[in-house]
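Coordinates in review
Chain residues, written in single-letter form:
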Amino acid sequence: MSSPVRFALAGFGAWGRFHAQSIAGNPEAQLVAISAPSEESRQLARELYPQAEVFADSLDLIAQADFDILDIVTPSHTHREIALAAIQKGKHLLLEKPMALTLADCHAIVTAAKTQGVHLAVGHELRLSSQWGEIKNIIERGTIGQPQYVLVELSRKPYRSGAEGWRYDPVRVGSWVLEEPIHFFDLARWYLESSGNPMELQAYANSRDPQRPMLYDNFSAMFRYANGSYAVVSQTLAAFEHHQTVKVSGTRGALWAGWSGALDRTLEPTAFLKVFDGTTLENVQLTRQSGEVFELREEIAQCIAMVRHGTPPIANGHDGLWSAGLCLIAEDSIRENRPLPLDELCL
Ligand SMILES: NC(=O)c1ccc[n+]([C@@H]2O[C@H](COP(=O)([O-])OP(=O)(O)OC[C@H]3O[C@@H](n4cnc5c(N)ncnc54)[C@H](OP(=O)(O)O)[C@@H]3O)[C@@H](O)[C@H]2O)c1
């Protein structure tokens with residue numbers, strides 16, 4: 001048996017701790033280093049993972065630790081600097097979404113990874129779900145014909161504030177569209193892959209707090225393709241619990257999936273997937289539980305294959321750039337109150 005893949009983890013906050021669990025829980029992986037600026041998080045990291053070297057600064061971790069892949073789960077405004085430093089050292093990356101806060105920074109990361117010949121996986125783990133991923137398989141099997149309409153919708157309670165409140169600070173979060181609707185842009189674009197690249201997007205949003213009008217509680221966007229297909233991505237944070245819906249209609253049939261939990265990270269969600277092929281309605285039995293905690297384990301397994309065998313990740317830098325780009329153009333569309341072309345994303 002080959003030796004375990006050595007993971008270093010930058011960020012040990014709410015989501016980083018789930019990454020640590022998923023790495024430590026995989027017998028083919030080893031968590032060798034962790035970075036977090038606060039002594040409180042570092043102390044917890046030492047207690048939970050005594051075999052890992054613990055650093056205050058991610059750049060020191062990159063310079064000093066011996067590892068194969070860096071898993072970046074730090075506040076989004078820090079991604080660019082940490083990712084570029086790791087790439088310069090020739091390290092492979094699992095980079096959480098959003099890749100970065102601007103299109104120029106996303107391009108810089110993708111280009112640097114290509115130049116250095118390192119693998120780059122982006123944290124769109126919903127693609128690995130037994131539910132959201134199965135929808136892609138059903139579409140590819142042709143069960144519903146050519147997909148023409150996709151709706152991805154979420155209604156949930158407000159976001160967590162994040163370490164030192166970064167998620168409620170417009171400068172450090174960049175945009176709330178980059179926080180969660182980014183996953184739905186990624187899924188919708190993936191489901192409509194056979195339509196080519198989307199060409200135009202319009203978005204609307206509002207906030208219930210006049211103190212933070214740019215942090216939207218309600219957000220909806222539509223984007224369309226040259227062949228007439230289109231997608232709707234919609235989210236409200238002004239609701240309760242966590243309820244996600246996907247609907248896809250094709251030229252022959254349609255599908256509808258739903259996921260509900262008291263929280264996004266519940267271990268006991270309810271989920272369903274119904275598929276209509278134009279004649280018969282089927283309730284698809286999910287092979288594994290669906291939910292971001294479960295998909296994260298798949299994501300770590302995928303990174304192990306990527307490091308060992310060069311297996312391409314299910315979401316690469318190009319996908320990460322597209323999803324961040326759709327969010328940023330949605331922001332422009334809200335500000336300018338008009339539909340905008342997506343040409344600059346067509347690489
Ligand atoms: N794919 C998904 O489904 C998903 C889900 C959630 C979050 N995310 C993404 O994951 C990232 C982290 O989110 P989160 O919810 O875990 O945030 P969080 O709870 O605020 O945790 C951030 C962590 O990063 C640490 N940190 C801050 N600056 C750092 C730096 N320069 N170097 C190393 N560590 C640093 C913080 O340190 P201290 O603890 O010491 O303060 C904290 O441990 C964000 O980009 C977010 O968008 C993705």
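Residues numbered from 1 in each chain as written. Predicted model: local features only at pLDDT ≥ 70, side-chain atom pairs only at ≥ 80, totals over all residues.

1. Considerations on the overall build of the chain
In terms of regular secondary structure, the chain is built from ten helices and 15 strands. At 20 Å, the chain has a C-alpha radius of gyration in line with the 20 Å of a compact globule built from 347 residues. Along the first, second and third principal axes, the C-alpha set of the chain runs to 55 × 50 × 40 Å. The proportion of buried residues among the 347 residues of the chain is 46%. In the chain, the proportion of contacts linking residues at least 24 apart, taken out of those at least 6 apart, comes to 67%. (Helix = DSSP H or I, 4+ residues; strand = E, 2+ residues; numbered from the N terminus. Rg over C-alpha atoms; globule rule 2.2 N^0.38 Å. Buried ≥ 20, exposed ≤ 12 C-beta atoms within 10 Å, placed from the backbone. Contact = placed C-beta atoms within 7 Å.)

2. A word on the site of the ligand
The local shell around the ligand holds 27 residues, among which Gly-11, Gly-13, Trp-15, Ser-38 and Gly-162 are the closest. Its residues assigned to classes, the shell around the ligand comprises ten nonpolar, twelve polar and five charged. In terms of domain composition, the shell around the ligand takes at least three residues from each of domain 1 (5-125 + 296-316) and domain 2 (127-289 + 324-345). (Near = placed C-beta within 6 Å. Nonpolar A, V, L, I, M, F, W, Y, C, P; charged D, E, K, R; others polar. Domains from an automatic or database assignment.)

3. What about unusual backbone geometry?
Pro-98 follows Lys-97 through a cis peptide bond whose omega is -15°. Within the secondary structure layout, Pro-98 lies in the loop between strand 5 (92-95) and helix 5 (103-116). Residues other than glycine seldom take positive phi values, yet Glu-241 does so here, at roughly 55°. Mapping Glu-241 onto the fold places it in the loop between strand 10 (230-236) and strand 11 (242-250). Glu-241 gets classed as partly exposed once you count the C-beta atoms within 10 Å, which come to 13. Although it is not a glycine, Asn-337 sits at a positive phi angle of roughly 55°. Note on placement: Asn-337 falls in the loop between helix 10 (317-336) and strand 15 (340-341).

4. Structural notes on the nonpolar core
Membership of the largest hydrophobic core comes to 100 residues, with the highest contact counts inside it found for Phe-7, Leu-9, Leu-93 and Ala-188. Looking at which domains feed residues into this core, each of domain 1 (5-125 + 296-316) and domain 2 (127-289 + 324-345) supplies at least three. Sequence-distant contacts of Ala-188, that is, excluding residues within four places in its chain, are made with Val-150, Val-152, Ala-231 and Val-233. (Core = buried A, V, L, I, M, F, W, Y, C linked by C-beta atoms within 7 Å.)

5. Side note on the domain arrangement of the chain
The domain architecture assigned to the chain consists of domain 1 (5-125 + 296-316) and domain 2 (127-289 + 324-345). Summarising the inter-unit geometry, the C-alpha centres of domain 1 and domain 2 are found 25 Å apart. Here the element with the most residues in the side of domain 1 that touches domain 2 is helix 9 (residues 292-309); it accounts for three residues.

6. Concerning the sheet that holds strand 9 (residues 218-224)
In spatial order, the strands read 14-13-12-11-7-10-9-8-15; together these nine strands make up an open sheet with mixed pairing. Because the sheet does not close on itself, it has two edges, and the strands there are strand 14 (281-283) and strand 15. The sheet contact formed by strand 8 (residues 200-206) and strand 15 spans two bridges and is antiparallel. Pairing of Leu-201 across the sheet is with Leu-340, part of strand 15. Contacts from helix 8 (residues 181-191) reach strand 7 (147-156), strand 9, strand 10 and strand 11, with the element oriented near 165° to strand 7. (Pairing = 2+ DSSP bridges. Axes fitted to C-alpha atoms, helices over the stretch in contact; angles between N-to-C directions.)

7. What about the packing of helix 1 (residues 16-24) against helix 9?
As a packed pair, helix 1 and helix 9 sit with axes 9 Å apart at the nearest point and diverge in direction by 55°. Looking at the two axes, helix 1 sits oblique to helix 9. Read as a crossing pair, helix 1 and helix 9 show a hand that is right-handed. Contacts between helix 1 and helix 9 involve Phe-18, His-19, Ser-22 and Ile-23 from the former and Val-293, Leu-296, Arg-297 and Ile-300 from the latter. Residues of the contact of helix 1 with helix 9, tallied by class, amount to five nonpolar, two polar and one charged. (Parallel < 35°, antiparallel > 145°, perpendicular 65-115°, else oblique. Left-handed = near helix turned anticlockwise from the far one by under 90°.)

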